Every structure is written in structure tokens, then in C-alpha cells.
Amino acid sequence: MKNQNIKKKKNNDGLGKIECLIIFKCNCRCIMCSTGLQIDRNIGNNDYRSSMPFKEIVKDIDRAVKTNARGIAFSGGEPNLRRDLPMLVEYAKSVGLKHIEVQSNGRIYAYRDYCEKLIKSGVTNFVISFHSHIEAVHDKIMGVPGTYRQVVEGIKNLNDLGKKVYINIVLTKLNYGHLEEHVAYLVKNFDIQELRFTMVMLEGNVNDDPRGIVPPMSEVGPHIGKAIDIAKGKAACFIYNMVPCLVPGYEAYVNDLGQLDTLLIGPEFESSLDEERKGKKVKAAACEKCRYNKACYGIWKKYADLYGLDELKPMKP
Ligand code: SF4
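Scoring rules and cut-offs
- Residues numbered from 1 in each chain as written.
- Predicted model: local features only at pLDDT ≥ 70, side-chain atom pairs only at ≥ 80, totals over all residues.
- Helix = DSSP H or I, 4+ residues; strand = E, 2+ residues; numbered from the N terminus.
- Buried ≥ 20, exposed ≤ 12 C-beta atoms within 10 Å, placed from the backbone.
- Contact = placed C-beta atoms within 7 Å.
- Pairing = 2+ DSSP bridges.
- Right-handed = clockwise from strand over helix to strand, strands pointing away.
- Near = placed C-beta within 6 Å.
- Nonpolar A, V, L, I, M, F, W, Y, C, P; charged D, E, K, R; others polar.
- Core = buried A, V, L, I, M, F, W, Y, C linked by C-beta atoms within 7 Å.
- Axes fitted to C-alpha atoms, helices over the stretch in contact; angles between N-to-C directions.
- Parallel < 35°, antiparallel > 145°, perpendicular 65-115°, else oblique.
- Left-handed = near helix turned anticlockwise from the far one by under 90°.
- Expected span 1.5 Å × (residues − 1).
- Arc of directions from axis to C-beta.

Engineer: Break down the overall build of the protein chain for me, with residues and values.
Structural biologist: A tally of helices and strands in the protein chain yields 10 helices and 11 strands. In the protein chain, buried positions account for 39% of the 317 residues. Expressed as a percentage of contacts within the protein chain between residues at least 6 apart in sequence, the contacts between residues at least 24 apart total 77%.

Engineer: Could you give an account of the pairing of strand 4 (residues 125-129), with specific residues and numbers?
Structural biologist: Of all the five residues making up strand 4, four are buried; the element is thus mostly covered by neighbouring parts of the structure. Two elements, strand 3 (residues 99-104) and strand 4, share four bridges in a ladder whose sense is parallel. Bridge pairing in strand 4 places Glu-101 opposite Asn-125. Handedness of the crossover is the feature at issue here: the chain leaves strand 3, passes through helix 3 (residues 112-121), returns alongside strand 4, and the resulting connection is right-handed.

Engineer: Give me the site of the ligand: which residues, what numbers.
Structural biologist: What surrounds the ligand is a group of 15 residues, the closest being Val-243, Cys-245, Cys-287, Cys-290 and Cys-296. Its residues placed into classes, the shell around the ligand shows 11 nonpolar, two polar and two charged.

Engineer: How would you sum up the nonpolar core? Please name residues and give values.
Structural biologist: Here is a general trend for soluble globular proteins: nonpolar side chains tend to be buried in one another's company. By size, the foremost hydrophobic cluster in this structure holds 81 residues, and its most contacted members are Cys-20, Ile-72, Ile-128, Ile-167, Leu-171, Leu-195 and Ile-224. Broken down by element, the residue count for this core peaks at seven residues, all from helix 8 (residues 217-231). If we ignore the near neighbours within four places in the chain, the residues touching Ile-224 are Leu-179, Phe-197, Ile-239, Val-247 and Tyr-250.

Engineer: Account for unusual backbone geometry, naming residues and giving values.
Structural biologist: Cis rather than trans, the peptide bond between Gly-76 and Gly-77 has omega equal to 25°. Here Gly-77 is to be found in the loop between strand 2 (71-76) and helix 2 (85-94). A positive phi angle is found at Asn-68, which is not glycine, with a value near 55°. Residue placement: Asn-68 occurs in the loop between helix 1 (54-66) and strand 2. Here Asn-68 falls in the exposed class, since 12 other C-beta atoms lie within 10 Å of it. Located in the positive-phi region is Asn-241, a residue other than glycine, with phi close to 60°. Here Asn-241 lies in the loop between strand 7 (236-240) and strand 8 (262-266).

Engineer: Account for the environment of Leu-174, naming residues and giving values.
Structural biologist: In this fold, Leu-174 is placed in the loop between strand 5 (165-171) and helix 6 (179-189). For Leu-174, a count of 22 C-beta atoms within 10 Å translates into the label buried. Distance from Leu-174 to Pro-215, taken between C-alpha atoms, is 8.8 Å for residues 41 residues apart in sequence. Contact partners of Leu-174, with chain neighbours within four places excluded, come to Val-137, Lys-140 and Ile-141.

Engineer: Please give an account of the packing of helix 6 against helix 8 that cites residues and values.
Structural biologist: Taken N-terminus to C-terminus, the directions of helix 6 and helix 8 make an angle of 20°; their axes are 8 Å apart at the nearest point. The orientation of helix 6 relative to helix 8 falls into the category roughly parallel. For the pair helix 6 and helix 8, the crossing hand works out as right-handed. Here Leu-179, Glu-180, Val-183, Ala-184 and Val-187 of helix 6 lie close against helix 8, whose contacting residues are His-223, Ile-224, Lys-226, Ala-227, Ile-230 and Ala-231.

Engineer: Let's hear about helix 5 (residues 147-160): which residues, and what values?
Structural biologist: Taking 1.5 Å as the rise per residue, helix 5 with 14 residues should run 20 Å; its terminal C-alpha atoms sit 20 Å apart, in good agreement. Those residues of helix 5 that fall on the buried side of the exposure criterion are Thr-147, Tyr-148, Val-151, Gly-154, Ile-155 and Leu-158. Projected onto a plane normal to the axis of helix 5, the buried residues spread over an arc of 125° and lie on a single side.

Engineer: Summarise the environment of Cys-290; cite the residues concerned and give the values.
Structural biologist: Mapped onto the elements of the fold, Cys-290 is located in the loop between strand 10 (281-282) and strand 11 (299-300). Residues Cys-290 and Met-315 lie 25 residues apart in sequence; the distance between their C-alpha atoms is 4.8 Å. The residues touching Cys-290, leaving out its near neighbours within four places in the chain, are Cys-245, Pro-314 and Met-315.

Engineer: How would you sum up helix 6? Please name residues and give values.
Structural biologist: For helix 6, the set of buried residues is Leu-179, His-182, Val-183 and Leu-186. Along helix 6, the residues classed as buried sweep out an arc of 95° about the axis, all on the same side. In the core, the buried residues of helix 6 are packed alongside strand 5, strand 6 (192-199) and helix 8.

Engineer: Hey, could you go over the environment of Glu-194 for me, with residue numbers and the actual values?
Structural biologist: By the element assignment, Glu-194 lies in strand 6. Each C-alpha atom, one on Glu-194 and one on Tyr-166, is 4.7 Å from the other, the two residues being 28 residues apart in sequence. In contact with Glu-194, not counting residues within four places along its chain, are Tyr-166, Ala-235, Ala-236 and Phe-238.

Engineer: Which residues make up the pairing of strand 1 (residues 17-23), and what are the values?
Structural biologist: Among the seven residues of strand 1, six are classified as buried, and the element is accordingly described as predominantly covered. In the sheet, strand 1 pairs with strand 2 via six bridges, with the strands oriented parallel. In the sheet register, Ile-23 faces strand 2, and the bridge partner there is Gly-76.

In C-alpha cells form, the structure reads like this:
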């Protein structure tokens, strides 16, 4: 099921980033996992659809080099469940990629030896999911008790080894209300390079209980603004899956404006994030009058089906 919609950037200077979903296995059961039922819980299964062959990933790394991509991200599932991850990272480093990102639930970083190995292989950006400073909330979101303690231990290990971390906070009904406290806790206790505030998407497991998991974006926006104020000067901040009119005053942090130039590759599929947004995002008629109308793609259609378009308020030119 290859997606034919892959387009090169108009000025032909290459893709921004290639994200490789190298494994569809995971040791968590997140309530908002976007891959949902596609995730293989049988960790020992080596089915092609659960785990991309090493050679295929090497080809994708080569492609990142050929297209002058800024870098490569390894995600999944949980990419650290692949024993050959350090070798893939070493290869990416050897061919000159400067930005090598690993997106993880962070549990495995509780093992310091493993952190050392991965750092040595050449990972530049450790992106870790950490959704709440309240243990019970984080564990509930991740679906596995004990995850909070492992992630805290893991971040400490990486920090001790000289690595600042990139924290991804997915905003759901369970955690958005105390986002400010979570961010205050993070910047006080850890060395954070970047905070990613990601509005939950209506994909995968979320479809089981959309109203129980997805908060209205207009309620989430003010919390993001206050959290950014707390993090200012301590960590870089980015907002994902949000539109500028719902974070007024913080539009500059919105990542989804303009082209993303990211190619998503997984077992038996690939798609351009820019093409994905077209047709799957919608705007209100009033958006015509908004100063962001050209750069803004609007909100996901599935979200609009749940809460409508009334939250969108055009911003004055
Ligand atoms: S174009 Fe529409 S959705 Fe985008 S910021 Fe403006 S009002 Fe909001």
C-alpha cells in the first residue's frame, strides 16, 4: 500500500526529516497510541509487518542522505525493543547524518549500561514520552504500572551521562489540567533541551473512547501558554496538532504551519506528512479572514466531527 503522493520540496533542496517506524511492537499500552491495534504485543514475533528488516532501514537511511534530509528519527512502536538499534544509529552516523533521533516511552533508559551504549552509537536526540508529574496519571496514560519510575530513572541516567532530553507531552483529558505543574517539575528536576506539547489525535486506541480522552482544544490552549511561560529560558518549546487561534500570543511555537517536509516510512507504507494533512484537515468559513489562513491547514477532520469548528476564531490581520 505505497502512498504515491510523495512530492519533493519545490526548491528541490530535499526533505526536512525522515521518520522510520522500525518496529510495530511495544512494551506499553498507551490509551492514545495512534498505531493502536496494529501494535504486536508478541515481543518474540519476527513478522515483517512487526519489524522492518535491517536492510530496508539502511536503504531509508541512505535515502535521507541522498535527499539532504536534516536527519532521521527512529520510532515505532518502541524502537528500543530492536536489538540492532545501536547498529542502525551507528550506520546513520557513519554516513554523515547529524540529527539522529530516537522516540521512546523511556522505560529502557532506566538501564544505565544501555544508555551508555546508545549514546556511544551516536544518538543526538533522545525524545521521551512523559505525560504527567503525577505517577498514577502517567502510568494510567501509558497503560503499564511502574512506567513513571522507569522514565524518571531513565532521564536521570541520560542527564548524568551528559545528554539533555527532548520531552513529548501528549495532551489528553487526563493530564492537560495540570500541565503547568508538570512543566515546572520537569524544568526544575531535569536537563531538558526541548518540550513538545502535542494535542492528542483521534487515531488508534483513542477511537475506543474519544470523548473520554480528547479534550476541547480551546481548553488546552491556555494551559500550553502558561506552561511555555514557565519553560522560557530553560527549554525550547514546540506545539503540535494545534492551530494558532487556540494559542493566541504563542503562535510562534506552533509547529504545524507551512510545510513540514517530513516523510513517514514504516513496514509496507510511506507517506508525506504534508500530503497527509491535505484532505484530512478542515477549516471554518471564517478562516478566510484570519491572518494565518495561508499557512494554517486547520484542524483534523476527525476532531471537527467530535467538537465542530466553533472553537476556531480568526485572528486579525
Ligand atoms: S486559519 Fe482558521 S484554524 Fe487557522 S488559525 Fe486562523 S482561524 Fe484558526
